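Residues per chain are reported as follows:
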Amino acid sequence: MHRYRTHNCAELRKTNVGEEARLSGWVHRVRDHGGIIFVDLRDSHGITQVVVHPEREFHGGIEHWRVESVLCFTGMVVARSPETVNPRLATGEIELDAREMELLNDCQVLPFSVAQDDDCDENLRLRYRFLDLRREGLHQRILLRSRVIRSIRRILGDDLGFTEFQTPILTNSSPEGARDFLVPSRLHPGKFYALPQAPQLFKQLLMISGFDRYFQIAPCFRDEDARADRSPGEFYQVDLEMAYATQEDVFAVVEQLFSRLFPEFTDKAVSPAPFRRIPYREAMLKYGTDKPDLRIPIEIQDVSDLFGDSDFNAFRQVVRGGGVVRAIPVRGIADRPRSFFDQLIEFTRERGGKGLAYLLWSEGGVKSPIAKFFSQETLEELRRRSDLGAGDAMFFVADQENRAARLAGEVRHHLGDLLGMRDGDRFEFCWIVDYPLFELNEETGKIDFSHNPFSLPQGGMEALTELNPLEVLGWQYDLVCNGVEFSSGAIRNHRPDIMLKAFAIAGYGEAVVEEKFGGLLRAFRFGAPPHGGIAPGLERIVMLLAGCRNIREVTAFPLNQNAQDLLLGAPSQVEERQLRELRLKLVPPGKRTGG
RNA sequence: GGGGGCGUAGCUCAAUUUGGUUAGAGCGCCGGCCUGUCACGCCGGAGGUUGCGGGUUCGAGUCCCGUCGCUCCCGCCA
């Protein structure tokens, strides 16, 4: 018989009755009746009830049947009588009649309950992460994450012809993007490595190196402040890149990946491939964001043309001042109480809006404090454009275009929450395409890259030389699901001449580009193939599948919000000797100089 | 760096609105009883500088100021 176990704690069934078995696991719960004692023994797989009869010599042998102690029981598998079967347990038709017991390890009094997976302070959970990870919820989410990764490797690697690579962890600081984590070099005092924010340049170099399809479950490091859905420090991307690929080729691969991946882990409906393609400008107009939640059946409209000459001063002034009026039509809410609408107005004001006007249609006509300022023709045209009828409503946001779009989008998502449209059992994917390559920096008035400086402009060199830079679109795209940005990607700019031209428009001279991206430019000059890719966030995928909102709930050992490891104590001070080797000197706190 | 919310027993929370007796409950812990439970049950017990410091008051868990911590958001995240 095996030293520790013949079966795991989820394995024994009625067919095993009469067999001798040995089980090891944690004490999940104990029901001590004075005479007979029931021990729920748990391992990663499940729970089996062990019965200890009073005549066993170990019955009083351990002082405490302390939960989370590690025990090994040997005994006979016996059938439970019909009235004592536990239908909530996979092993509930049997129990182990313990003949021998061995205490494999004791357990101190717990800081929080393992058996009862209820709320407690997150930093306490992080300090005792090994206990937290034993709890049902987190334990299952970490197992889910593992199964998702295995499935991604199978789909991309085995079925779609991708090759998995590793790329360096010690690499170069990137001139753009987030703050880098720096690693001092001992051999080159005063110089630093940086941890990669993403393997972007390496995956492009692999394409130029003649590999066809790259993927990696890639660690990414960014020294930015935390959010609920954003880990401080490190996270993982499903990073992929394809040679000789058009945007549609990338879409086809990603659509296959998600169309196969999601149904493996959820019964919820997944929007069928091909996913909807929504141009950036259309997304900003209809949904007021470039990460729309398409479960909400509300489409924003521009109605500025109706108000240039209207009697409604507030709207007329905005339109004549170059602003816009956006309408948000919502069906079936005209009978909501006044407080519903007041609350929405307050919501808009909190987010910087001047207000939120609305019209309510009823059998008798239009009800609204502002209806008297609208002509009958205008009211009818508004109704007609959104095909509204009795019981329907329309909200209005009037402001400068960017702000109006954003506010309307936030109101749309908020309505989605209020009206229960967002918890439907489905995943709605879409692509946002046709991002502008450049944008105007409102502070400096200069032209900046809007997304990624390495994206290929649509129309190539001709577009860069002929068009107003702000009109140039990039082969850039985002994958969005249920209002969550899953991923950004692009067809890369593989031509050094086009790359230099694009950088020139953004105000970078050739010498600067050579200095900052010399390695990549050198590679481009030796026959770089056209290529492109994308990098969906692994944790976001698992979060959506697990139905949780916090990235730390799908990460085994996350840093806390202050970027500390409370279990092992990182970051920590290091020996003076280590600093000397690196030729580093600490500036005492409060005496920061320079700047 | 900025804003909102929260800090009461080992854990989750009540008492704070309107300052007023000895700060309570559930779980956990300790002791006792209990032979069919599965969130076992029953009896008893221990456990508190109400985050910390100061102030107002006859009196502060409660009000005020400061500070520290946690949390969510903004900035930031090509």
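In short, a report on the structure. (Residues numbered from 1 in each chain as written. Chains lettered and ligands numbered in written order. Predicted model: local features only at pLDDT ≥ 70, side-chain atom pairs only at ≥ 80, totals over all residues. Heavy atoms only, no water.)

Here we look at the protein's contact with RNA strand B
Item 1. Close to RNA strand B lie 42 residues, the nearest being Asp32, Thr84, Arg88, His451 and Gln561.
Item 2. The sugar and phosphate moieties of RNA strand B supply 56% of its atoms located within 4 Å of the protein.
Item 3. Contact distances for RNA strand B include 3.0 Å between a base oxygen and a side-chain N or O atom of Asn86.
Item 4. Separating a base nitrogen of RNA strand B from a side-chain N or O atom of Asp225 is a distance of 2.7 Å.
Item 5. For the surface near RNA strand B, the secondary structure elements donating two or more residues are β1 (20-32) and α1 (122-127).
Item 6. For the surface near RNA strand B, the per-class residue count stands at ten nonpolar, 16 polar and 16 charged. (Near = heavy atom within 4 Å. Polar contact = N/O pair within 3.5 Å; in protein donor to acceptor, adjacent residues only side chain to side chain. Helix = DSSP H or I, 4+ residues; strand = E, 2+ residues; numbered from the N terminus. Nonpolar A, V, L, I, M, F, W, Y, C, P; charged D, E, K, R; others polar.)

Side note on the packing of aromatic side chains
Item 1. Summed over the entire model, instances satisfying the criterion amount to 35 aromatic pairs.
Item 2. On the basis of an interplanar angle of 85° and a centroid distance of 5.0 Å, the ring pair of Phe262 and Phe427 is categorised as edge-to-face. You can see Phe262 sitting in helix α5 (residues 247-265) and its partner Phe427 sitting in strand β18 (residues 426-427), a full 165 residues away along the chain. Comparing Phe262 with Phe427, the two get one shared label, buried.
Item 3. Each residue in the set Phe258, Phe262, Phe275, Phe427, Phe429 and Phe486 is aromatic and connected to the rest through ring pairs, giving one cluster.
Item 4. Positioned over the ring face of Phe340 is Arg336, at 5.2 Å from the centre of the ring. (Phe/Tyr/Trp six-rings, centres within 6.5 Å; stacked < 30°, edge-to-face > 60°. Buried < 20%, exposed > 50% of the residue type's maximum accessible area, 1.4 Å probe, protein only. Lys NZ or Arg CZ within 6 Å of the ring centre and 35° of its normal.)

Re the sheet that holds strand β4 (residues 70-79)
Item 1. Spatially, the five strands close up into a barrel ordered β1-β2-β3-β5-β4, and their pairing is mixed. For this sheet, the mean angle separating the axes of adjacent strands, direction not counted, is 55°.
Item 2. Across six bridges, β1 lies against strand β2 (residues 37-42) in antiparallel orientation. The residue bridging Val30 from the neighbouring strand is Val39, located in β2. (Pairing = 2+ DSSP bridges. Axes fitted to C-alpha atoms, helices over the stretch in contact; angles between N-to-C directions.)

Here's the deal with the side chain of Glu428
Item 1. Within the secondary structure layout, Glu428 lies in the loop between β18 and β19 (429-433).
Item 2. A distance of 2.7 Å separates a polar atom in the side chain of Glu428 from a polar atom in the side chain of Arg426.
Item 3. Those residues in contact with Glu428, other than ones at most four positions away along the chain, are Ser271, Leu294, Arg295, Val480, Cys481 and Asn482. (Contact = heavy atoms within 4.5 Å.)

Structural notes on the layout of surface pockets
Here the idea is plain: a probe the size of a water molecule rolls over the atoms and shows the empty space left.
Item 1. Quantified by volume, the second largest pocket comes out at close to 880 Å³.
Item 2. As for the second largest pocket, its lining consists of 20 residues, and the residues nearest its centre are Phe181, Leu182, Pro184, Pro571 and Ser572.
Item 3. Put simply, the parts of the chain that give the lining of the second largest pocket at least two residues each are β7 (182-184) and β10 (233-243).
Item 4. Of all the elements, β7 adds the most residues to the lining of the second largest pocket, at three residues.
Item 5. Considering only residue class, the lining of the second largest pocket consists of 15 nonpolar, three polar and two charged. (1 Å grid on protein atoms, 1.4 Å probe; cavity = no way out; pocket = protein on both sides within 12 Å on 5 of 7 lines; lining within 4 Å. Points joined across faces, edges and corners; volume = space filled by probe spheres on them.)

Let's talk about the pairing of β4
Item 1. Pairing geometry for β1 and β4, over seven bridges, is antiparallel. Counterpart to Gly25 in the pairing with β4 is Leu71.
Item 2. Here ten bridges tie β4 to strand β5 (residues 94-105), and the two strands are oriented antiparallel to one another. By the bridge assignment, Thr74 is partnered in β5 with Glu100.

Topic: helix α7 (residues 313-320)
Item 1. Residues of α7 that are buried: Phe315, Val318 and Val319. Take α7 and look down its axis: the buried residues cluster within an arc of 95°, on one side only. Pointing more than 90 degrees away from the buried face of α7 are the exposed residues Gln317 and Arg320.
Item 2. Among the structural elements, β14 (324-330), β15 (357-362) and β17 (393-399) are those in contact with the buried residues of α7.
Item 3. Positive backbone phi, at 95°, marks Gly322, one or two positions downstream of α7. (Arc of directions from axis to C-beta.)

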